[in-house]
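# Survey of secondary and tertiary structure
Now for the letters of each chain:
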Amino acid sequence: MSKHEVYDQLAEHLNSMPIGAPKTPELIEILKILYTKEEADLAVKLPFLPMTVDALVDRTGMAEKMLKPMLDRMAKKGIVFEQLGGDEPMYRLLPTVVGFSETPFWPGKRTPETEKLAVLWRKYARDAFFHEIGGLSETPLVRVIPVQESLSETRKVSPYEKLVEKVKETSYQAVAHCPCRLMREYSGDGKCEHSTENCLHFGSLARYMVANGMARELTVDETLAILKKSNEEGLVHVTGNHQAEIDTICNCCADACIFLTGLLAMGEKNMFARSNFVSQINQETCVECGTCEERCPVKAISLSDGPARVDEDKCIGCGVCFPTCPSESISLAPRPETEQLPVLPPGEMVMKVMAEKGRAFKF
Ligand code: SF4
Ligand code: SF4
């Protein structure tokens, strides 16, 4: 296969995932930076579900002594995922997200390569990738979790408390730098004022990242401290929109993060699922300080008419407006059941997104 053909074929292969990789000149440039021709030749034969080296020898036709070192090298580069912790390592191709759009940025190191990638990814997001994530399917792949202590509802366990329980149940925790904020900074579009080392990962994904120098290991307490600090900074917790064990918690802002900027700047409505809650403001007690209006990441609060008012259609139920209200006038209440979005089992969610995008899953 010619060099030109193999990168085209790789783009096509990557585009068969729930979050795919629509082909544009920027995507091809990104692939050429990340994959040598030899690696791209192998990548088009790799699955998106993990397989042992023996199974991959059968699948690719390569001898183990050639294949295994190449897979290890590609894992180190952040284009192949190595699943550790079992009897033997297993490998799969990394998609765009969670995957090779993030791996070069997770270590938080500015290099000529990450600067070049940042410019390409920012353009690719505007031209094609925002639409790929939030415009081609009704079912969002990620979901907002309201911040700590913001809920006025009476159920015993809040979504945030459930998230904390899920964090405590994870076997391994790690933190990396936020690729969205670093892409913005390295591309020359300006430094985001928020912290960057708050991209939380868990389980086998976290092990892979730490083993390959992309993240640092945390304890559960350190992980919860980062969540708390993110609350204080007014960041929005975003995690997978499914019932599986968590593998990632993003702490997003409207200045840089792909999910919020895709909604706000590009109008892609299904970048993420809002939480099943909505902000409520007691107008009798509001002292019109304007803090909530400033903090709301999606501009759902306005004080143009006196006390603060919430546009319930815009509100994503993140709770960021809640903790800093000086008159304790804000609470989050559950949305009516008819407006609540279900959280599906992971397989069902993936198949639903694939069907909505008209794609067949390639194992
Ligand atoms: S933060 Fe509280 S007091 Fe200030 S405008 Fe918002 S609701 Fe009113
Ligand atoms: S009003 Fe804004 S800050 Fe408050 S919960 Fe809704 S989206 Fe979040």
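Residues numbered from 1 in each chain as written. Chains lettered and ligands numbered in written order. Predicted model: local features only at pLDDT ≥ 70, side-chain atom pairs only at ≥ 80, totals over all residues. Heavy atoms only, no water.

Going by the annotation in an unreviewed UniProt entry, the name recorded for the protein chain is (4Fe-4S)-binding protein, with Abyssobacteria bacterium given as the source organism.

### A short note on the environment of F105
Structurally, F105 is set in the loop between α6 (96–100) and α7 (112–134). F105 sits 76 residues away from E29 along the chain, and the two C-alpha atoms are 17 Å apart. (Helix = DSSP H or I, 4+ residues; strand = E, 2+ residues; numbered from the N terminus.)

### As for the domain arrangement of the protein chain
Domain annotation for the protein chain reports domain 1 (3–96), domain 2 (128–272) and domain 3 (274–340). Put simply, the middle of domain 1 and the middle of domain 2, counted by C-alpha atoms, are 25 Å apart. Opposite the 18 residues of domain 1 that make contact, domain 2 presents 12 residues. Taken together, both faces of the contact between domain 1 and domain 2 bury some 1,100 Å²; the carbon and sulfur share is 70%. Linking domain 1 with domain 2 are zero salt bridges. When contributions to the side of domain 1 that touches domain 2 are tallied by element, the ones reaching two or more residues are α5 (64–77) and β2 (80–83). Counting residues per element, the side of domain 1 that touches domain 2 draws most heavily on β2, which supplies four residues. Its residues assigned to classes, the side of domain 1 that touches domain 2 comprises 10 nonpolar, six polar and two charged. (Domains from an automatic or database assignment. Contact = heavy atoms within 4.5 Å. Buried area = accessible area lost by both parts, 1.4 Å probe. Salt bridge = Lys/Arg side-chain N within 4 Å of Asp/Glu carboxyl O. Nonpolar A, V, L, I, M, F, W, Y, C, P; charged D, E, K, R; others polar.)

### Observations regarding the pattern of salt bridges
For the structure on display, the rule yields 18 salt bridges. Here R73 and E38 are joined by a salt bridge, their closest N and O atoms 3.8 Å apart. Here R73, found in helix α5, pairs with E38, found in helix α3 (residues 37–43); they are 35 residues apart in sequence, far enough to count as distant. We classify E38 as partly exposed; its relative accessible area is 44%. Each of E38, E39, R73 and K77 takes part in a single network of salt bridges with overlapping partners. (Buried < 20%, exposed > 50% of the residue type's maximum accessible area, 1.4 Å probe, protein only.)

### Comments concerning the side chain of S16
When you line up the elements, S16 lands in the loop between α1 (3–14) and α2 (25–34). At a separation of 2.6 Å, a polar atom in the side chain of S16 contacts the main-chain carbonyl oxygen of H13. (Polar contact = N/O pair within 3.5 Å; in protein donor to acceptor, adjacent residues only side chain to side chain.)

### Some thoughts on the site of ligand 2
In the region of ligand 2, 13 residues are neighbours, and C296, C315, C318, G319 and C321 sit closest. Looking at the shell around ligand 2 residue by residue, the class counts come to 10 nonpolar, three polar and no charged. (Near = heavy atom within 4 Å.)

### Here we look at the site of ligand 1
All residues adjacent to ligand 1 are I281, C286, V287, E288, C289, G290, C292, L303, C325, P326, S327 and I330. Residues belonging to the shell around ligand 1 are distributed by class as follows: nine nonpolar, two polar and one charged.

### With respect to the pairing of strand β3 (residues 90–93)
Bridge analysis of strand β1 (residues 51–52) against β3 gives two bridges, and the strand direction is antiparallel. Bridged to M51 within β3 is Y91. In this sheet, β3 lies alongside β2 in antiparallel orientation, the contact comprising four bridges. Note that in β3 the partner of Q83 across the bridge is M90. The antiparallel pairing of β2 with β3 creates a hairpin that spans six residues between the two strands, and G85 there sits at a positive phi of about 100 degrees. (Pairing = 2+ DSSP bridges.)

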